[in-house]
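Working through the structure, step by step
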Amino acid sequence: MKTITRHLSALMIAAVCGSGLTSAQTTNEMTIQTNKIGAEIQPTMYGLFFEDINYGADGGLYAEMIKNRSFEFPQNFMGWNTFGNVSLKDDGPFEKNPHYVRLSNPGHRHKRTGLDNEGFFGVAFRKGEEYRFSVWARCAKDAPSKIRVELIDPKSMGETQVLAKQNIEVSSPEWQKYTVILTPSETETKGRLRIFLDSDNSVDLEHVSLFPVETWQGHENGLRKDIAQKLADIKPGLLRFPGGCIVEGTDLETRYQWKNSVGPVENRPLNENRWEYTFPHRFFPDYFQSYGLGFFEFFQLSEEIGAEPLPVLNVGLSCQYQNKGPKAHVPVDELDPYIQDALDLIEFANGDTTTTWGKLRAQMGHPAPFGMKFIGIGNEQWDSIYPEHLKPFITAIRAKYPDIKIVGSSGPNSEGKDFDYLWPEMRKLKADLVDEHFYRPESWFLSQGARYDNYDRKGPKVFAGEYACHGKGKKWNHFNAALLEAAFMTGLERNADVVHMATYAPLLAHVEGWQWRPDMIWFDNLRSVPTSSYYVQQLYATNKGTNVLPLTMDKKPVTGAEGQNGLFASAVYDKNTREYIVKVANTGTEPQPVNLNFAGMKKGSSLTSCRVITLDAPDPESENTLENPSTVTPKESTLPISGQKLTTTISPLTFAIYIVK
Ligand code: AHR
């Protein structure tokens, strides 16, 4: 018997050596150096990137339920049906949104005048909940008028179901805001808001608005509570806004202009949304930016979810994909207004209330500074035109606000000519951070576990500002994509001395209105669902620890390299909870032993408990949907542990976090 066992062992060793694996690799012996507390993990490390794509703002996070509320779309009645005697006027009370409607007597007592709004893919409301309808209105002199406002179920037009209604008397010839609460008697996902003229006298209406009363933090010009809560639940350290390509605009005229997004919401001018027409197969002619969710609201949201705000501004270049040649861009010697926008933004966020822009912030309800520390200049730019444009911004910002950290760009690609050109340029310009973007297939994520291991430690820090695993041929949120993101992120964590920020992208997508996928959170008008990728982000952000710990297998970092059995791993220490947190992704289809040796602990001291959080799925193609939101969710359990070692097994296709006391 002994001889047989010896033979078997010899054979096993031969097999192991023959396969190029050492015995440490067969049992996946990983060593965590607990006495080598390494780089600090930045509070900004895991964050969020918000862009108004996929109806992420209007029709999404921004809780306004009325589309084209100010009648400013190029087709002024887009989103509205009118009936009876309705006319469009353009001398309204809000300079930047001059259009409004006049509802007049239809000329016969049996005829009716009014209009109804289709909302964003329907006006959706829940039984018994309160919705705040508001409108700016006026009547003619000495001719008081009346309107009736209804939430209706249009499926039964013909035998219309009125699910909520209120009357409003308009008695002043001066423009005034009128507000009523509507409480529907039924839930409806494809409802409409309808307004009837209910008097012989005419009435003028402007900025017709409907919000749930219950918004995130109760703000009147508020955000959808369910979606904002999901953002908060990630515990993000950073919020990048207002986006990527929308910062650039299709042309400079349509670039995002933050100054248009602040001040009274009624007077924020409409902007085109470039995602309206970017993809002809996902064409949405009614996609505009109301700027109702503007820079004030972004700063406020950042504060409320505990994230550092990172606004990104246009660098004087319109989208380089869509514009060839220098004409579409601002000449460098004409950049002053753009640079002034950047300086004014810092004043808006941080200036005291005696400054022009700080005063506006205070008038909007936030006298205290927002404490902005970072600014991004430019999104996906390339060629020498970018550093040439960026340079004067850096000079001006450094001169006035030396403490603000400036984020430059490395272009739209994760490697290649533009990337190789821009990184040294960013170094020369002394950008504080460089934004990298990578929407890449599975093979890329599997091969990039060591991406940052040899990055220059002296230059700018890395902001992995937009990334997601795009399955080859399968661009949706399947579990395998999330698993590979988790695997790749061990490399971000191991290199936290040089990687200071990382944000998955895009963040939000309306199931009926998306242009780009995968995305982190999907929603319809009443529901929202976190994807597997959401949980990966959340697991990293809520278990980020405070300092990196060296973790090796056979003295090498565990990066999914050949001979590492499809494993990726990283370790951190959390000074606050005094826990070791080890993240392991098994990207292979076999279970793998995991032996975690906690080296460098005091002699005789012992680990006392181990919690393990796992993320796995019935199938690599599993996904969470609005109908089945919990197919992939993290599960927590405990493992027995004693001494200075954890011995366990990780299932195939699994991401696991071991939290050891
Ligand atoms: O996230 C979607 C788009 O991808 C961003 O707008 C842009 O920066 C990138 O090309």
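Owing to the predicted nature of the structure, the values given are computational and were not obtained by experimental measurement.

The next thing to look at is the environment of Gln-564. Relative to the assigned elements, Gln-564 resides in the loop between β27 (551–553) and β28 (567–574). The contacts of Gln-564, once residues within four sequence positions are left out, are Met-553, Lys-556, Pro-557, Val-558 and Thr-559.

If you check the shell around the ligand, you find 13 residues, and the closest are Glu-51, Cys-245, Glu-380, Tyr-439 and Glu-466. Here Glu-466 contributes a side-chain N or O atom positioned 2.7 Å from an oxygen atom of the ligand. Contact with the protein chains removes 96% of the 280 Å² of surface that the ligand exposes when unbound. The cavity where the ligand resides is the largest pocket. A breakdown of the residues in the shell around the ligand according to their chemical character gives seven nonpolar, three polar and three charged.

Along strand β13 (residues 203–212), 10 of the 10 residues are buried, which leaves the element largely enclosed by surrounding structure. Alignment of strand β5 (residues 100–104) against β13, held across three bridges, turns out to be antiparallel. Pairing of Leu-103 across the sheet is with Val-203, part of β13. Bridge count between strand β8 (residues 131–139) and β13: eight bridges; the pairing is antiparallel. For Tyr-131, the partnering residue across the bridge sits in β13 and is Pro-212.

Before going further, it helps to examine the packing of aromatic side chains. One pass over the structure, following the stated rule, counts 47 aromatic pairs. Between Tyr-55 and Phe-284 the ring centres are 5.5 Å apart and the planes differ by 80 degrees, which places this aromatic pair in the edge-to-face class. Of this pair, Tyr-55 sits in the loop between β2 (46–49) and β3 (80–83) while Phe-284 sits in the loop between β15 (271–272) and β16 (288–289), and the two are 229 residues apart along the sequence. The exposure class assigned to Phe-284 is buried, which follows from its relative accessible area of 10%. Aromatic pair Trp-258 and Phe-348: ring centres 5.4 Å apart, planes at 40 degrees, arrangement tilted. Of the two residues, Trp-258 sits in the loop between α4 (245–248) and β15 while Phe-348 sits in helix α6 (residues 336–350), which places them 90 residues apart along the sequence.

Most of strand β30 (residues 592–599) sits out of view: six of its eight residues are buried. Here strand β1 (residues 29–33) runs beside β30; their pairing, made up of five bridges, is parallel. Paired with Met-30 across the strands is Leu-596, a residue of β30. Bridge analysis of β30 against strand β33 (residues 645–650) gives six bridges, and the strand direction is antiparallel. If you follow Val-594 over to β33, its bridge partner there is Thr-648.

Moving on, we get to helix α7 (residues 356–363). For α7, the full list of buried residues reads Trp-357, Gly-358, Leu-360 and Arg-361. With its buried residues spanning 155 degrees around the axis, α7 presents them on a single face. More than 90 degrees from the buried face of α7, the exposed residues found are Thr-356 and Gln-363. Looking at the buried positions of α7, the neighbouring elements they touch are α5 (295–305) and α6. Gly-365, located one to two residues past α7, shows a positive phi value of around 110 degrees.

What counts, and where the lines are drawn
Residues numbered from 1 in each chain as written. Predicted model: local features only at pLDDT ≥ 70, side-chain atom pairs only at ≥ 80, totals over all residues. Heavy atoms only, no water. Helix = DSSP H or I, 4+ residues; strand = E, 2+ residues; numbered from the N terminus. Contact = heavy atoms within 4.5 Å. Near = heavy atom within 4 Å. Polar contact = N/O pair within 3.5 Å; in protein donor to acceptor, adjacent residues only side chain to side chain. Areas by Shrake-Rupley, 256 points an atom, 1.4 Å probe, with all protein chains shown as cover. 1 Å grid on protein atoms, 1.4 Å probe; cavity = no way out; pocket = protein on both sides within 12 Å on 5 of 7 lines; lining within 4 Å. Sits in = over half its atoms within 2 Å of the grid points. Nonpolar A, V, L, I, M, F, W, Y, C, P; charged D, E, K, R; others polar. Buried < 20%, exposed > 50% of the residue type's maximum accessible area, 1.4 Å probe, protein only. Pairing = 2+ DSSP bridges. Phe/Tyr/Trp six-rings, centres within 6.5 Å; stacked < 30°, edge-to-face > 60°. Arc of directions from axis to C-beta.

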